[in-house]
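Each chain, letter by letter, is given below.
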Amino acid sequence: MLKGRAAVVTGSTSGIGWGIARALAGAGADLVLNGFGDAAEIDASRASLAAEFGVRVLYDPADLADPAGPARLVERAREEFGRLDVLVNNAGIQHVAPVEEFPVERWDAVIALNLTAVFLGMRAAIPHLREGGWGRIVNVASAHGLVASANKVAYVAAKHGVVGATKVAALELANSGVTVNAICPGWVLTPLVERQIADRARQNGTDVARESEALLAEKQPMLAFTTPEAIGAMALYLCSDAAATVTGAALSIDGGWTAQ
Ligand code: NAD
């Protein structure tokens, strides 16, 4: 389905981004991987993805909190593959604290990565996607792009912003062959959430198993984590011809979280 196409997936060294990268590579896309981590492990993952699916995969360590980072990834795809067809804005971080105690530098860091980098990535990619006459932008927002939780002011503000920015870009690109959508996951068991569960277990003097159950029970009627593979499959659907008229949507995959 994506043979001959090139995709950038931000924050794809881990979790959901890796799930999306695998799904796109499985459909034949050449890939730019991005994110932090151990250099040798990242290179091994990069090489195994290329070998398993017979696609070209390169890795760029651009820090997307740096305003030059998103455009650099777009340029890498253009330089190495001669094109860009799919941009997945996925990289994100979390910080948990009440508004009155929320450190200003954590606010700035969350907004820079979770919101500004999404805008900058779209800004850099759109001219190339338009030129190709076909393109897909998939922004990984969150259930927190649609509803709030206490103690997550920067994250909730950023993810609501991502849903809004997705709608604006979708309108601007409506007749260009380029669609722009947001995916809004509930709980997915990745390092980002594992850290929150471990913190809760420490604070409450309990264990990870109990806090995992409690975390799900607080928000999700369906008491199960979504997998990164399922998010990858949803991203792949948005890249399909069947989704040609799906644009400006915020698609929930959240075990009923936002149905309440
Ligand atoms: P994760 O921590 O497993 O992965 C985050 C990725 O972003 C990693 O590859 C990391 O290296 C990269 N990254 C972090 N800072 C970066 C920076 N400055 N520049 C470039 N890359 C950077 O987290 P995840 O759970 O897979 O989250 C991925 C996305 O999904 C995030 O936007 C997150 O908000 C969103 N999301 C996650 C959940 C969940 O339950 N895990 C739910 C809803 C939405």
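If you're wondering where the values come from, they're calculated on a predicted model, not measured in any experiment.

Parsing the chain into structural domains produces domain 1 (6–186 + 227–250) and domain 2 (189–225). Taken over C-alpha atoms, the centre of domain 1 sits 25 Å from the centre of domain 2. With 12 residues of domain 1 at the interface, the matching set in domain 2 holds 7 residues. Here domain 1 packs against domain 2, burying approximately 580 Å² in sum over the two surfaces, 56% of which is carbon and sulfur.

Overall, the coordinates contain 1 aromatic pair when judged by the stated rule. Seen in terms of ring centroids, Trp187 and Trp257 are 5.3 Å apart; in terms of plane orientation they differ by 45 degrees. Their pairing is tilted. With Trp187 in the loop between strand S6 (178–185) and helix H6 (191–204) and Trp257 in the segment after strand S7 (250–253), the pair connects residues that are 70 residues apart, well separated along the chain. Trp257 matches Trp187 in its accessibility class, with the two residues each being buried. Residue placement shows Arg5 over the ring face of Trp134; its charged tip is 3.8 Å from the ring centre.

Conventions and cut-offs
- Residues numbered from 1 in each chain as written.
- Predicted model: local features only at pLDDT ≥ 70, side-chain atom pairs only at ≥ 80, totals over all residues.
- Heavy atoms only, no water.
- Domains from an automatic or database assignment.
- Contact = heavy atoms within 4.5 Å.
- Buried area = accessible area lost by both parts, 1.4 Å probe.
- Phe/Tyr/Trp six-rings, centres within 6.5 Å; stacked < 30°, edge-to-face > 60°.
- Helix = DSSP H or I, 4+ residues; strand = E, 2+ residues; numbered from the N terminus.
- Buried < 20%, exposed > 50% of the residue type's maximum accessible area, 1.4 Å probe, protein only.
- Lys NZ or Arg CZ within 6 Å of the ring centre and 35° of its normal.

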